[in-house]
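Per-entry structural report
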Amino acid sequence: MPLILLLAAIGLYFAYKGGHLRKMPWEDVLGVLWGLVGLRVMATGQVLIGALIVASSGVALWRRRGSQHLSSKTEPHAPPSHPSGQISPSEARDILNIPETAGRAEIIAAHRALIARLHPDRGGSSTLAAQVNEARDILLTQIDASRVKGATPSSSEDDS
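Residues numbered from 1 in each chain as written. Predicted model: local features only at pLDDT ≥ 70, side-chain atom pairs only at ≥ 80, totals over all residues. Heavy atoms only, no water.

Here we take up the overall build of the protein chain. Assigned secondary structure in the protein chain consists of 7 helices and 0 strands. Along the protein chain, helices (α) and strands (β) appear in the sequence α-α-α-α-α-α-α when read from the amino end. Out of the 160 residues belonging to the protein chain, those deemed buried represent 22%. Pairs at least 24 apart in sequence give 55% of the contacts found in the protein chain among residues at least 6 apart. About 11000 Å² of surface is accessible on the protein chain, with carbon and sulfur atoms providing 62% of the total. (Helix = DSSP H or I, 4+ residues; strand = E, 2+ residues; numbered from the N terminus. Buried < 20%, exposed > 50% of the residue type's maximum accessible area, 1.4 Å probe, protein only. Contact = heavy atoms within 4.5 Å. Areas by Shrake-Rupley, 256 points an atom, 1.4 Å probe, with all protein chains shown as cover.)

Counting 16 residues, the largest nonpolar core has Leu96, Ile98, Ile107 and Leu139 as the members making the most contacts within it. Looking at this core, the elements that each hand over two or more residues are helix H5 (89-96), helix H6 (104-118) and helix H7 (126-148). Ranked by residue count, the leading element in this core is H7, at 7 residues. In contact with Ile107, other than residues within four places in its own chain, are Leu96, Ile98, Ala102, Arg136, Leu139, Leu140 and Ile143. (Core = buried A, V, L, I, M, F, W, Y, C linked by side-chain atoms within 4.5 Å.)

For Asn97, which is not glycine, the phi torsion reads 60 degrees and is therefore positive. Note on placement: Asn97 falls in the loop between H5 and H6. Look at Asn97 and you get exposed, because its relative accessible area is 68%.

So, on to the pattern of salt bridges. Overall, the coordinates contain 2 salt bridges when judged by the stated rule. When the shortest N-O distance is used, the salt bridge between Asp144 and Arg104 registers 2.3 Å. Taken together, the residues Asp144 in helix H7 and Arg104 in helix H6 connect sequence positions 40 residues apart. Using a relative accessible area of 34% as the deciding quantity, one classes Asp144 as partly exposed. Between Asp137 and Arg136 there is a salt bridge; the shortest N-O distance is 2.9 Å. Accessibility expressed as a relative area gives 37% for Asp137, which makes it partly exposed. Looking at Arg136, the relative accessible area reads 22%, which means it is partly exposed. (Salt bridge = Lys/Arg side-chain N within 4 Å of Asp/Glu carboxyl O.)

By secondary structure assignment, the location of Ser57 is in helix H4 (residues 47-73). Residue classification places Ser57 among the buried positions, given a relative accessible area of 6%.

Another aspect to go through is the packing of H6 against H7. H7 packs onto H6 with a crossing angle of 175 degrees between their chain directions and a minimal axis gap of 10 Å. Judged by the inter-axis angle, H6 sits roughly antiparallel to H7. Of the residues in H7, those touching H6 at Arg104, Ile107, Ile108, His111, Leu114, Ile115 and Leu118 are Leu128, Ala129, Val132, Asn133, Arg136, Leu139, Leu140, Ile143 and Asp144. Partitioned by chemical class, the residues of the contact of H6 with H7 number 11 nonpolar, 2 polar and 3 charged. (Axes fitted to C-alpha atoms, helices over the stretch in contact; angles between N-to-C directions. Parallel < 35°, antiparallel > 145°, perpendicular 65-115°, else oblique. Nonpolar A, V, L, I, M, F, W, Y, C, P; charged D, E, K, R; others polar.)

Read these as spatial facts, not as claims about activity.
See below:
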């Protein structure tokens, strides 16, 4: 049992040094402390009571984390910036940080570079990733529409 307490103390030390304890909500800190109390009770020989205390703190932390996880998945998305739900081509260029004369290849390259940083699978925001995707789609649609209308494409649009 002293080994378990020593391991818990080492874990707390590294969590504190890494800054994780400073970011923890006070409810989580209380749950961890309650778990340590349970370990201490187990160390005094009252294994069943200590195990119940540890289990109750674990369940409380698990339920709290689970409810936070579910609420983050069900958060409503940010409303679109325009009533139509579409951004303008100039806003799309600003999002992708490309000039007005950018062609298909430049749009795709700018999109890939930006989405690599903002994708939700890499810790980014799904709202921002959706805006980047929308910007790409609007600009590519604009280029395709200008080609269909017979407009003379600029030399930068022939990159595709």
